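Now for the letters of each chain:
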Amino acid sequence: LYDVYQAERNATGALIEYYKSSRSGNLFDILEAMKCFAKADAQRFKLRDTMRAKSIIESIATGRDIFIEVGAIHKYLGHLLDENLSGWLLTPRFIEEEIINHLELEGTILNPGDQLTLHYIFGEKINRKRESLLCGQSLIYTKIIHKEEIDDKNRSFPHLRNEISSINLVKSLNLEECRRLFSEISSLSTQQAREAVSNYSANR
């Protein structure tokens, strides 16, 4: 319980500092606060997945199949199970990727913030330039992604389509472009911000 408390406390504290920095309008401070939150969030994910892996390994029974459903960012859980399950065949299926292929869409389900968090979770080396770029792209992504329910009776998987198109919009932006766009769209609505970023990308 103490480990859970510490992980949640650290992540919540880092998130509050990020919100404070966001109000300042200083991009450098915002990016640094975002990195701190992503690192704290990564430790929280690692703890969660470590506890889940331990519980799963202790509860499975020989002679029957087990199905484990997790979100796309919980790759560390798969890593732990793969390392510690002996005598079992682990067969991951990435449902969202299958849907993306079925819809013939281009892209990944992992937004820039998720990508940064996964770097931290697995302790991968990442230079400061790449860190800042992912944070900058994440700032734009969170501004243009639809937060509300999408009612689109004419198209299947509207939320997934929105996520993929939003990720594709921001992944080609460099840090200077993110800085410029952030100052332009920070006070706009989601739809207005999305249109502004789309127009910018189309006219580059």
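How each quantity is defined
- Residues numbered from 1 in each chain as written.
- Predicted model: local features only at pLDDT ≥ 70, side-chain atom pairs only at ≥ 80, totals over all residues.
- Heavy atoms only, no water.
- Buried < 20%, exposed > 50% of the residue type's maximum accessible area, 1.4 Å probe, protein only.
- Helix = DSSP H or I, 4+ residues; strand = E, 2+ residues; numbered from the N terminus.
- Arc of directions from axis to C-beta.
- Contact = heavy atoms within 4.5 Å.
- Salt bridge = Lys/Arg side-chain N within 4 Å of Asp/Glu carboxyl O.
- Core = buried A, V, L, I, M, F, W, Y, C linked by side-chain atoms within 4.5 Å.
- Phe/Tyr/Trp six-rings, centres within 6.5 Å; stacked < 30°, edge-to-face > 60°.
- Lys NZ or Arg CZ within 6 Å of the ring centre and 35° of its normal.
- Disulfide = S-S within 2.5 Å.
- Patch = residues over 30% accessible without salt bridge, like charges linked within 9 Å, V, L, I, M, F, W, Y side chains within 5 Å.
- Areas by Shrake-Rupley, 256 points an atom, 1.4 Å probe, with all protein chains shown as cover.
- Axes fitted to C-alpha atoms, helices over the stretch in contact; angles between N-to-C directions.
- Nonpolar A, V, L, I, M, F, W, Y, C, P; charged D, E, K, R; others polar.

## Section: helix 3 (residues 75–84)
- When we look at burial in helix 3, the residues that qualify are Tyr 76, Leu 77, Leu 80 and Leu 81. Taken down its axis, helix 3 places every buried residue within 135° of arc, on the same side. Turned more than 90 degrees away from the buried face of helix 3, the exposed residues are Asp 82 and Glu 83.
- In this structure, the buried side of helix 3 is in contact with helix 2 (27–59) and helix 5 (112–121).

## As for the pattern of salt bridges
- Scanning the model with the defined rule gives 11 salt bridges in all.
- Here Arg 44 ties to Glu 8 by a salt bridge, and the two come within 2.9 Å at their closest N and O atoms. Here Glu 8 lies in helix 1 (residues 2–24) and Arg 44 lies in helix 2, a separation of 36 residues in the sequence.
- When its relative accessible area of 15% is taken as the criterion, Arg 44 is described as buried.
- You can call Glu 8 partly exposed: its relative accessible area is 28%.
- Taken together, the shared-partner salt bridges in this structure form one network comprising Glu 8, Asp 41, Arg 44 and Arg 48.

## Things to note about the nonpolar core
- Among the nonpolar cores identified, the biggest contains 47 residues, and Leu 116, Leu 139, Ile 140 and Ile 144 are the most heavily contacted of them.
- Counting only elements with at least two residues in this core, the list comes to helix 2, helix 3, helix 4 (95–102), helix 5, helix 6 (128–144), helix 7 (158–171), helix 8 (175–185) and helix 9 (190–202).
- For this core, the element with the highest residue contribution is helix 2, accounting for 10 residues.
- When neighbours within four sequence positions are excluded, Ile 140 is seen to be in contact with Val 170, Leu 173, Cys 178, Leu 181, Phe 182, Ile 185 and Val 197.

## Observations regarding the environment of Gly 13
- Within the secondary structure, Gly 13 sits in helix 1.
- Residue Gly 13 is classed as partly exposed on the basis of its relative accessible area of 30%.

## Some thoughts on the packing of aromatic side chains
- Across all of its chains, the model carries two aromatic pairs by this definition.
- Summarising the aromatic geometry, the rings of Tyr 76 and Phe 122 are spaced 5.6 Å apart at their centres and angled 75° between planes, so their arrangement reads as edge-to-face. On the criterion of sequence distance, the pair formed by Tyr 76 in helix 3 and Phe 122 in the loop between helix 5 and helix 6 is long-range, its members being 46 residues apart.
- On the accessibility criterion, Phe 122 (32% relative accessible area) is partly exposed.
- Taking NZ or CZ as reference, Arg 48 lies 5.6 Å from the ring centre of Phe 45, over its face.

## Remarks on the state of the cysteines
- Here the structure, examined in full by the defined rule, presents zero disulfides.
- Unpaired in this structure, Cys 36 has its nearest cysteine sulfur neighbour in Cys 135, at a distance of 9.5 Å.

## Some thoughts on a nonpolar patch on the surface
- A cluster of nonpolar side chains, namely Ile 66, Ile 68 and Val 70, defines an oily patch on the protein surface of about 210 Å² accessible area.
- Looking at the secondary structure, you find Ile 68 in the loop between helix 2 and helix 3.

## Considering unusual backbone geometry
- One non-glycine residue, Glu 104, lies in positive phi territory at about 60°.
- Assessed through its relative accessible area of 71%, Glu 104 is described here as exposed.
- Located in the positive-phi region is Phe 157, a residue other than glycine, with phi close to 50°.
- Relative to the helices and strands, Phe 157 is located in the loop between helix 6 and helix 7.

## Describing the packing of helix 5 against helix 6
- In contact at an axis separation of 7 Å, helix 5 and helix 6 are set at 145° when each is read in the N-to-C sense. On helix 6, the residues touching Pro 112, Gly 113, Gln 115, Leu 116, His 119 and Tyr 120 of helix 5 are Arg 130, Glu 131, Leu 134, Cys 135, Gln 137, Ser 138 and Tyr 141.
- Here the contact of helix 5 with helix 6 is composed, by residue class, of six nonpolar, five polar and two charged.

## What to know about the environment of Ile 57
- Among the structural elements, Ile 57 can be located in helix 2.
- With relative accessibility at 30%, the residue Ile 57 sits in the partly exposed group.
- With 72 residues separating them in the primary sequence, Ile 57 and Lys 129 have C-alpha atoms 39 Å apart.
- Residue contacts for Ile 57: discarding those within four places in its chain leaves Leu 81, Asn 84 and Leu 85.

From the geometry alone we can't say anything about function, so treat these as descriptive.
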